[in-house]
Amino acid sequence: MMKATARAHSNIAFIKYWGKQNEELRIPLNGSISVNLSNQHTTTTVEFSSSLERDTFSLNGKDEDIKRISIFLDRVRKLSHIDIKARIVSENNFPTAGGLASSASGFAALSLAASTAAGLKLSEKELTILARLGSGSACRSVPHGFVEWKKGNSNETSYAVSLYPETYWDIHMIALIVSAKKKEIPSTLGQQKAVQNPFLQTRIERMNSKIQHIKSSLFKKNIHTFGEIMESETIEMHAIAMTSTPPILYWNSSTVAIMEKVWSLRRKGTPVYFTIDAGPHVYLLVEKKNSLTVEHEFKQMNEVKKIIINSPSKGTYLFDAHLF
Ligand code: DP6
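Residues numbered from 1 in each chain as written. Predicted model: local features only at pLDDT ≥ 70, side-chain atom pairs only at ≥ 80, totals over all residues. Heavy atoms only, no water.

Here's the deal with the pattern of salt bridges
Opposite charge on two side chains permits them to pair, given that their charged atoms come into close proximity.
Reasoning step 1: In total, this model carries 16 salt bridges according to the counting rule given.
Reasoning step 2: The shortest N-O distance in the salt bridge between R203 and E233 comes to 2.7 Å. Here E233 lies in helix α6 (residues 223–242) and R203 lies in helix α5 (residues 199–219), a separation of 30 residues in the sequence.
Reasoning step 3: Residue E233 is classed as buried on the basis of its relative accessible area, which comes to 0%.
Reasoning step 4: Where salt bridges share partners, they join R203, R206, K210, E233 and E236 into one cluster. (Salt bridge = Lys/Arg side-chain N within 4 Å of Asp/Glu carboxyl O. Helix = DSSP H or I, 4+ residues; strand = E, 2+ residues; numbered from the N terminus. Buried < 20%, exposed > 50% of the residue type's maximum accessible area, 1.4 Å probe, protein only.)

Here we look at the environment of I211
Reasoning step 1: Its location among the elements puts I211 in helix α5.
Reasoning step 2: Judged by relative accessible area, which is 6%, I211 ranks as buried.
Reasoning step 3: Counting along the chain gives 197 residues from I211 to F14, while the straight-line C-alpha distance between them is 9.7 Å.
Reasoning step 4: Ignoring any residue separated from it by four or fewer positions in sequence, one finds I211 in contact with I15, G31, I33 and E148. (Contact = heavy atoms within 4.5 Å.)

Here's the deal with the pairing of strand β7 (residues 85–92)
Reasoning step 1: Relative to β7, strand β4 (residues 32–49) runs antiparallel, the two sharing eight bridges. Bridged to F48 within β7 is A86.
Reasoning step 2: When strand β5 (residues 56–59) meets β7, the two strands line up parallel, connected through four bridges. Looking at β7, one finds that S58 is bridged to V89. (Pairing = 2+ DSSP bridges.)

A closer look at the pairing of strand β10 (residues 171–178)
Reasoning step 1: In terms of burial, β10 is largely enclosed, as eight of its eight residues are buried.
Reasoning step 2: What you see with β10 is no split at all: I171, M173, A175 and I177 on one side and H172, I174, L176 and V178 on the other are buried throughout.
Reasoning step 3: Pairing analysis gives six bridges linking β10 to strand β12 (residues 282–287), with the strands arranged antiparallel. By the bridge assignment for β12, M173 is matched with L285.

Section: the site of the ligand
Reasoning step 1: Among the 18 residues in the neighbourhood of the ligand, the closest are listed as Y17, S135, S137, S187 and T188.
Reasoning step 2: R68 places a side-chain nitrogen or oxygen 2.8 Å from an oxygen atom of the ligand.
Reasoning step 3: In this structure, an oxygen atom belonging to the ligand sits 3.0 Å away from a side-chain N or O atom of Q191.
Reasoning step 4: Its free accessible area being 460 Å², the ligand has 97% of it covered by the protein chains.
Reasoning step 5: Among the elements that make up the shell around the ligand, the one with the highest residue count is helix α4 (residues 187–195) (three residues).
Reasoning step 6: Of the residues contributing to the shell around the ligand, the split by class is five nonpolar, seven polar and six charged. (Near = heavy atom within 4 Å. Polar contact = N/O pair within 3.5 Å; in protein donor to acceptor, adjacent residues only side chain to side chain. Areas by Shrake-Rupley, 256 points an atom, 1.4 Å probe, with all protein chains shown as cover. Nonpolar A, V, L, I, M, F, W, Y, C, P; charged D, E, K, R; others polar.)

See the structure below:
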């Protein structure tokens, strides 16, 4: 039977991927570092069958656009020398429409499910490369725990590795979901604009040293230096978006209210830091021992519509129960 199911967790980047050296192969201009999120995952079943007339894809019970997925499946078909169509059924356990980036867990789960269903046995490195071709950040959802994506300069040299397992550091990444009124600019488009931004050059020049610094504070598990770098990095990525032409502002007033609250809590002595992807939602970094207190503080804000508490998680794995 050419059928397999995989589960992948979403990841949040401490050092962001923002700008590509190669659009088609999704090779980034800089390396990035992330952690997998325990309570945000995608489960995907893929079946290849000669009785299917076309590829189909449903997410949380709803038929979705197949274009980007079919292009991805063509790569799997080419690798495995098969020429038949696939049915794909996916479930996210976290909000998708709200704009919480789901492509990372989506393409990581699809990579393992589709390659397994097609009879391929890829190594972890090969799987990160395949996932990267679907969506860049997806390669970081394949290995366990804390992950580095080495930028490389070719298809074979741009891949992700685990730096530490999920048990390494007792932190929580708390997702604060705010309401998003306008439709977000997809990250692929935002990144295309970034490449034309003259400020991006300066960011890229300083990147190696930034990555060394954050890796050394991760090694020391120093929440203060780690958090400071993570936070200034997120502001820098958003500064690139804001100074692109036309400007892209992912934040809304709720985002800013949360940022100010984080700074105010820090002034009062609580070590809490934020990071933000291509949308208005905010992730907080806290040590587990401070998690409940911090959660309580943000629960009280009108701006916060939903809270998801995440621990560091393992990467992508095969799953027993098929979705169809
Ligand atoms: C802001 O991985 O969604 O989340 O490769 O074009 O699919 P594509 O981009 P994508 O970009 C993610 C951007 C980010 C930062 C990050 O996750 O590193």
